[in-house]
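Descriptive analysis of the structure
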Amino acid sequence: MQVHFCKVIGQHYLLNTSMHFRKLWHVSLLLLPAFMILPSKILAHPMPNTVVELSVSDHSVFGVAKMPFIVWMDATKSTEEKVDSTQIVGYFQQHIKALSGNDVWKTNISGFKTIEEFDREVGKYTELEIYFELTPSTPSALHQFDFAYDAIIHEVLTHKILIYLKYDWNSGMITDEATRPVGVIATDFKLGKCLPLKIDIDGGSWIKGTWAMFLFGMEHIRVGLDHILFLLTLLIVSPLAVFDKRWTGFEGYRHTLFRFLKISIAFTIGHSITLLVGSFDLIPFRAQYIEVLIALSILISAIHCIKPVFVKKEAWVAAGFGLIHGLAFSISLSSMNLGWQARLLSVVGFNLGIESMQLIIMVCFFPLLITSKWKFYPAFRVAFAIITGITAVAWIFERVLEKENFITEIANSIL
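What comes next is a walk through the structure. Since we're looking at a predicted model, the values are computed, not measured. (Residues numbered from 1 in each chain as written. Predicted model: local features only at pLDDT ≥ 70, side-chain atom pairs only at ≥ 80, totals over all residues. Heavy atoms only, no water.)

**Some points on the environment of I152**
Of note, I152 is situated in the loop between strand 9 (144–149) and strand 10 (161–168). Judged by its relative accessible area of 0%, I152 falls in the buried class. In contact with I152, not counting residues within four places along its chain, are T50, M67, V71, W72, A75, Y91 and H159. (Helix = DSSP H or I, 4+ residues; strand = E, 2+ residues; numbered from the N terminus. Buried < 20%, exposed > 50% of the residue type's maximum accessible area, 1.4 Å probe, protein only. Contact = heavy atoms within 4.5 Å.)

**Here's the deal with the packing of aromatic side chains**
Following the criterion strictly, the structure yields 15 aromatic pairs and no others. Geometrically, the ring pair formed by Y377 and F380 is tilted, given 6.0 Å between the ring centres and 50° between the ring planes. In this pair, Y377 and F380 are both assigned in helix 10 (residues 377–401), three residues apart and thus about one turn of the helix distant. On the accessibility criterion, Y377 (1% relative accessible area) is buried. One aromatic cluster is present, formed by F69, W72, Y91 and F92 through successive ring pairs. (Phe/Tyr/Trp six-rings, centres within 6.5 Å; stacked < 30°, edge-to-face > 60°.)

**Digging into the packing of helix 5 (residues 225–235) against helix 6 (residues 253–279)**
One can describe the packing of helix 5 onto helix 6 by two numbers: an axis separation of 10 Å at closest approach and a directional angle of 150°. Read as a crossing pair, helix 5 and helix 6 show a hand that is right-handed. In this structure, helix 5 contributes F230, L231, L234 and L235 to the contact, and helix 6 contributes F260, I263, S264 and F267. By residue class, the composition of the contact of helix 5 with helix 6 is seven nonpolar, one polar and no charged. (Axes fitted to C-alpha atoms, helices over the stretch in contact; angles between N-to-C directions. Left-handed = near helix turned anticlockwise from the far one by under 90°. Nonpolar A, V, L, I, M, F, W, Y, C, P; charged D, E, K, R; others polar.)

**Remarks on the packing of helix 6 against helix 9 (residues 340–370)**
Helix-helix packing: each pair is described by the crossing angle between the helix axes and the interaxial distance. Running from N to C, helix 6 and helix 9 cross one another at 160°; their axes reach a closest spacing of 11 Å. In terms of orientation, helix 6 and helix 9 fall into the roughly antiparallel class. The crossing of helix 6 and helix 9 is right-handed. On the side of helix 6, the interface is formed by Y253, T256, L257, F260, S264, F267, T268, H271, S272, L275, L276 and S279, while helix 9 contributes R343, L344, V347, F350, N351, I354, E355, Q358, M362, F366, L369 and I370. Considered class by class, the residues forming the contact of helix 6 with helix 9 number 14 nonpolar, eight polar and two charged. (Parallel < 35°, antiparallel > 145°, perpendicular 65-115°, else oblique.)

**Notes on the pattern of salt bridges**
For the coordinates displayed, the defined rule picks out eight salt bridges. Here K198 makes a salt bridge to D146, at a shortest N to O gap of 3.2 Å. Note that K198 is positioned in strand 14 (residues 197–200) and D146 in strand 9, a separation of 52 residues in sequence. For D146, a relative accessible area of 22% gives the class partly exposed. Between R399 and D226 there is a salt bridge, with the nearest N and O atoms lying 3.1 Å from each other. Of this pair, R399 sits in helix 10 while D226 is found in helix 5, placing the two residues 173 residues apart along the sequence. Side by side, R399 and D226 carry an identical accessibility label, which is buried. (Salt bridge = Lys/Arg side-chain N within 4 Å of Asp/Glu carboxyl O.)

**Concerning the nonpolar core**
In terms of nonpolar packing, the biggest core is built from 60 residues, with M213 and F350 touching the most fellow members. Elements supplying a minimum of two residues to this core: helix 4 (206–222), helix 5, helix 6, helix 7 (287–306), helix 8 (314–334), helix 9 and helix 10. Aside from chain neighbours lying at most four places away, what touches M213 is W169, I174, L333, M336, S346, G349 and F350. (Core = buried A, V, L, I, M, F, W, Y, C linked by side-chain atoms within 4.5 Å.)

**Observations concerning helix 6**
Residues three or four positions apart in an α-helix share a direction because the helix packs 3.6 residues into each turn. Compared with the 39 Å implied by 1.5 Å per residue over 27 residues, the 38 Å span of helix 6 between its first and last C-alpha is a close match. Remark: D281 follows helix 6 within two positions and exhibits a positive phi of approximately 55°. (Expected span 1.5 Å × (residues − 1).)

**Looking at the side chain of Q288**
As for its position among the elements, Q288 is in helix 7. A distance of 2.8 Å separates a polar side-chain atom of Q288 from the backbone oxygen of R399. (Polar contact = N/O pair within 3.5 Å; in protein donor to acceptor, adjacent residues only side chain to side chain.)

In structure tokens, the structure reads:
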């Protein structure tokens, strides 16, 4: 599946393309106008163009460039047997630059990888991903600069570079859903070369970034069924006391409210501590282990909901398990390339969002606890605990085996 090009009067023309990539070329031309309105996921490869995603931090612009490996090899006249890391890094070091006025930013190619993909049109293919960092002399230039990217296109004049802005904390762009296109680098055939793309991003503010993190925290809990179930399994026994190693009936409003608040505050303190610590990468941990421990905490809480296991220690247990849940929360923040100021504000905003959504859920849930004075409550409590326990076991298997099962598929589709 070789692609060959030749130069005629300074231009390159496609001479012989494989059937699959010929189809993709036509498809990409048809899709190109839609680029400006569609998210990057829809226009991701396979297509014989390059997709570049930029993320603005408080000191650099990080980027990832994705392209079909065969297109890059053909443009550089490389063969798979002779390609090495030095050649790839050196090549992109020369062809990815950013400038603001006379300031030529520092370019650092931080890594690359090839990924085997499959598509119905082309079958198996290999994608090349290049990771880079662009650093100006002054951070004030981060939102207005010229992006000079001419990899592949300097040899294949018909090639195009589709540029997206993926993350920008100051502008409140902190999730994949916020990704938006910013422009296309293509050959100007009148000039016979491709020009840098002018990047002009709204500078935003720390208020916008913190507010975005607040909303992100609320959304994180809203769709986090495991966190919600853990908290509810502890709260559902808050109106009750223990007698002869069994749960009693309703113990009064004061008793219910006191234990309700004690458990909630303990969980908040626990997860706030590890959210802060984990967000600054002060504790190394493996996300998979934390996710398994969270499912285990739900299972233990469900068992306690059926039969008292840690009597009068729910607050301590909530605080202890809160430490684990906080590490899970921190995964969302630690992956962002933020400086310490933006990171600290993110922790505050994210945590307030978590607490706000938790408070909304608990306020909605509290009237149900009053029904513990009714006869049906023990049956409801046990049924709730059994369903939660089964779901927790399914989550444990899913997170250990890294494979969804039919129970988690149902649970994950609920929120």
